[in-house]
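Coordinates in review
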Amino acid sequence: ESGSGKSTLAELLTGLSAPTAGEIRFAGEPVGTVADRPTEQLRDVGVVFQHPQDSLNPRLTVRQALAEPLIEAGWPRSRRAARVDELLDLVDLGSQFGSRRQHQLSGGQLQRVAIARAIALEPAVVVFDEPVSALDLSTRAALLNLLVDIQTRLELTYLVISHDLGVVQLLADRVAVMYEGQVVERGRPDHIFEQPTHSHTASLVAAATGEQLSIDCSVSSVEEIGNGAVFE
């Protein structure tokens, strides 16, 4: 739900914020903020924000926006041009969109540009913060199908942050439920949505489905959140 800490988690994972305690590890290695991460670690994580218009320079064309991370990574001009064409194709935007600017694109087209930019350097993980919440229903459906297709084709790992349980159920292999800044339950989507064990999870599912769901146990405290959460 709103205020549970989802976006803060995204900022920590992407290095936009520093943890006040503990550390963030990627592939077993501790990582700091964007300023502290070496180039290799920066390339490993892509990010797509909820409002793409806030993360794209309105003065740049789509082609220039997609080329920016490639320029920063030192790609030669000839290789950049081929990669930009490939990225436009991956997100189902024709080459004619390359010359357009932000104000000439719809919300769904802007989000496709943001996705293309996030995967430009072939990251290992892409973090999506509410990727379709600002879109209408038909555009949401098309974009979700695109995300599934890209994930399959590129064998990417997604970390999707969303309050929309339908989006989570479609995209997730594993689900973590957050409440008041903590992960209170985690597991496979079928387990989370059909047999929630935490009262907060059950209330979220009930609100989404419009029916009251029962839970298997009464949870008064969480001892540990890890590969297996221990409840009392």
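The following paragraphs examine the structure supplied in this document.

Calculation criteria
Residues numbered from 1 in each chain as written. Predicted model: local features only at pLDDT ≥ 70, side-chain atom pairs only at ≥ 80, totals over all residues. Heavy atoms only, no water. Helix = DSSP H or I, 4+ residues; strand = E, 2+ residues; numbered from the N terminus. Contact = heavy atoms within 4.5 Å. Areas by Shrake-Rupley, 256 points an atom, 1.4 Å probe, with all protein chains shown as cover. Lys, Arg positive; Asp, Glu negative; His and termini not counted. Charge placed at Lys NZ, Arg CZ, Asp CG, Glu CD. Axes fitted to C-alpha atoms, helices over the stretch in contact; angles between N-to-C directions. Parallel < 35°, antiparallel > 145°, perpendicular 65-115°, else oblique. Left-handed = near helix turned anticlockwise from the far one by under 90°. Nonpolar A, V, L, I, M, F, W, Y, C, P; charged D, E, K, R; others polar. Salt bridge = Lys/Arg side-chain N within 4 Å of Asp/Glu carboxyl O. Buried < 20%, exposed > 50% of the residue type's maximum accessible area, 1.4 Å probe, protein only. Polar contact = N/O pair within 3.5 Å; in protein donor to acceptor, adjacent residues only side chain to side chain.

What to know about the overall build of the chain
Along its length, the chain carries 9 helices and 9 strands. Seen through its principal axes, the chain has C-alpha atoms that stretch 60 × 40 × 30 Å. Contacts spanning at least 24 positions in sequence make up 56% of the contacts within the chain whose residues lie at least 6 apart. With the model as given, the accessible surface of the chain reaches about 12900 Å², and the carbon-plus-sulfur share is 47%. Charge centroids of the chain, computed over 19 positive and 31 negative side chains, lie 12 Å from each other.

With respect to the packing of helix α5 (residues 107–118) against helix α6 (residues 137–154)
Viewed as axis vectors pointing N to C, α5 and α6 meet at an angle of 15°, and their least axial separation amounts to 10 Å. Between α5 and α6, the crossing angle belongs to the class labelled roughly parallel. Between α5 and α6 lies a crossing of right-handed hand. Across from G108, Q111, R112 and I115 in α5, the residues of α6 making contact are T139, A142, L143, L146, L147 and I150. Considered class by class, the residues forming the contact of α5 with α6 number 6 nonpolar, 3 polar and 1 charged.

Observations regarding the pattern of salt bridges
Pairing between side chains of opposite charge can happen when the charged atoms of each approach one another. The final tally for this structure, using the stated rule, is 7 salt bridges. Linking D85 and R63 is a salt bridge whose minimum nitrogen-to-oxygen distance equals 2.8 Å. Remark: R63 occurs in helix α3 (residues 62–72) and D85 occurs in helix α4 (residues 77–90); sequence separation between them is 22 residues. The partner of R153 in a salt bridge is D149, and the shortest N-O contact between them spans 3.3 Å. Here D149 and R153 lie together in helix α6, a separation of 4 residues that amounts to about one turn. A residue is classified by how much of its surface remains accessible, and D149, at 34% relative accessible area, is partly exposed.

A closer look at the side chain of D129
Note on placement: D129 falls in strand β4 (residues 125–129). Only 3.1 Å separates the side chain of D129 from the side chain of S7, close enough to count as a polar contact. Excluding residues that lie within four positions of it along the chain, D129 makes contacts with S7, V48, F49, Q50 and I161.

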